[in-house]
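Chain and residue survey
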Amino acid sequence: MKRRIRVMAVVGLACGVLLCSTGCLLNVFQTARTLGAGNVALVLGTGLFDINLDEATHAYCLTPEARLAVGIADGVDLGIDTAFLVPLEGGDAAWAGTTADLKFALFDQPGAFALALGLGGGTSVETLGWQVFGEVFLDSNARYFPVFFAYVPQVMLAASGVIHHVTGGLKLPLSDKVRMLVEVNWNSLTYFGYGLALEVGF
């Protein structure tokens, strides 16, 4: 009963955040693996991005980020993600926003690979307003080849266009409940960057 109440509270919070807040997808910080019904994971990390302001000007930013995910059913996760932008060459730090998404596991074979699809929305500094996005996650489950890939097309609703976000990286288990995510991000808008995060399960 307590587990059901906890899951319902997290679902309600995620829906509220999705409807009332802003969002971004500067780092992906998730893979095709789903948590299982009632399980929770917290991801804390940061990215380092080279943002092209124009052909001659670059801005380097840190992007501290946190993600909370809960397994609302076996093979279905609900996640909330929030981040900040911290310019390294002067200027004020700014809240980059929050997104929410649902991820659905399609296939997860030990020793082979895992595949998941997702759908989410929110608003962000990079899309200049409301956005919806899809997600495709592909993991290697091979013990000595712990790589993952993600593709996130973001449809801008405030301005016409689609931003393509591609991520690849390593998922390194540190214990049964903790793993490290190391990733490289490319966005068709204006940036390229690196991310590092710890994921802790509960």
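Cut-offs used in this document
- Residues numbered from 1 in each chain as written.
- Predicted model: local features only at pLDDT ≥ 70, side-chain atom pairs only at ≥ 80, totals over all residues.
- Heavy atoms only, no water.
- Helix = DSSP H or I, 4+ residues; strand = E, 2+ residues; numbered from the N terminus.
- Buried < 20%, exposed > 50% of the residue type's maximum accessible area, 1.4 Å probe, protein only.
- Contact = heavy atoms within 4.5 Å.
- Areas by Shrake-Rupley, 256 points an atom, 1.4 Å probe, with all protein chains shown as cover.
- Pairing = 2+ DSSP bridges.
- Polar contact = N/O pair within 3.5 Å; in protein donor to acceptor, adjacent residues only side chain to side chain.
- Phe/Tyr/Trp six-rings, centres within 6.5 Å; stacked < 30°, edge-to-face > 60°.
- Lys NZ or Arg CZ within 6 Å of the ring centre and 35° of its normal.
- Salt bridge = Lys/Arg side-chain N within 4 Å of Asp/Glu carboxyl O.
- Lys, Arg positive; Asp, Glu negative; His and termini not counted.
- pLDDT = per-residue confidence, 0-100.

A few words on the overall build of the protein. Looking only at helices and strands, the protein features 1 helix and 11 strands. In sequence order, the protein lays out its α and β elements as α-β-β-β-β-β-β-β-β-β-β-β. A buried classification covers 44% of the 202 residues belonging to the protein. If you take every contact in the protein between residues at least 6 apart in sequence, the share linking residues at least 24 apart comes to 52%. Surface accessibility of the protein: about 10200 Å² in total, with carbon and sulfur atoms responsible for 70%.

What follows deals with the pairing of strand β7 (residues 129-140). When strand β6 (residues 113-124) meets β7, the two strands line up antiparallel, connected through 12 bridges. Its bridge partner being in β7, Ala114 is matched across the sheet by Asp139. The antiparallel pairing of β7 with strand β8 (residues 147-156) creates a hairpin that spans 6 residues between the two strands.

Summarising the element assignment, Arg67 is placed in strand β3 (residues 65-73). Overall, Arg67 belongs to the buried group, its relative accessible area being 6%. Within the local environment of Arg67, its side chain forms a polar contact with the side chain of Asp101, the two groups lying 3.1 Å apart. When neighbours within four sequence positions are excluded, Arg67 is seen to be in contact with Phe29, Gln30, Ala41, Leu42, Val43, Gly79, Ile80, Asp81 and Asp101.

What follows is about the packing of aromatic side chains. Going through the model one piece at a time under the given rule, you end up with 3 aromatic pairs. Relative to Tyr194, the ring of Phe192 has its centre 5.5 Å away and its plane inclined at 85°; by these criteria the two rings are edge-to-face. By relative accessible area, Phe192 is classed as partly exposed at 36%. The ring centre of Phe137 lies 5.2 Å from the NZ or CZ of Lys103, which sits over that ring.

Our focus in this paragraph is unusual backbone geometry. For Phe29, which is not glycine, the phi dihedral falls at a positive 50°. Position of Phe29 relative to the elements: it lies in the loop between α1 (2-20) and β1 (40-52).

Once that is clear, we can look at the pattern of salt bridges. The full count for this structure, using the stated rule, is 3 salt bridges. With its nearest N and O atoms 3.1 Å apart, the salt bridge here joins Asp101 to Arg67. Here the residue Asp101 occupies a position in strand β5 (residues 94-108), and Arg67 occupies one in strand β3, the gap between them amounting to 34 residues. Across the pair Glu199 and Arg179 runs a salt bridge whose closest N-O atoms are separated by 2.7 Å. One end of the pair, Glu199, is in strand β11 (residues 191-201); the other, Arg179, is in strand β10 (residues 178-187), and 20 residues separate them in sequence. In this structure Glu199 comes out as buried when scored by relative accessible area, which is 8%. Overlapping salt bridges bring together Arg33, Arg179 and Glu199 as one network.

With that settled, consider the side chain of Glu183. Of note, Glu183 is situated in strand β10. Among buried Asp, Glu, Lys and Arg side chains, Glu183 stands out as unpaired, with Arg179 the closest opposite charge at 9.6 Å. Apart from the residues within four sequence positions on either side, Glu183 is in contact with Asn27, Val28, Phe29, Phe148, Thr167, Gly168, Gly169, Gly193, Tyr194 and Gly195.

This next bit is on the confidence of the model for the protein. Per-residue pLDDT for the protein averages 84, and the proportion of residues at 70 or more is 83%. Counting interchain partners and residues more than four positions distant, the pLDDT-below-50 stretch residues 4-24 has 48 contacts.

The pairing of β8 with strand β9 (residues 162-173) spans 9 bridges and is antiparallel. Within the sheet, the bridge partner assigned to Val147 lies in β9 and is Leu170. Where β9 lies against β10, 9 bridges are found, and the strand directions are antiparallel. Paired with His165 across the two strands is Asn187, which belongs to β10. Hairpin connection from β9 to β10: 4 residues lie between these consecutive antiparallel strands.

A few words on the environment of Ala59. Within the fold, Ala59 resides in strand β2 (residues 58-62). Residues Ala59 and Gly90, spaced 31 residues apart in sequence, show a C-alpha to C-alpha distance of 9.7 Å.

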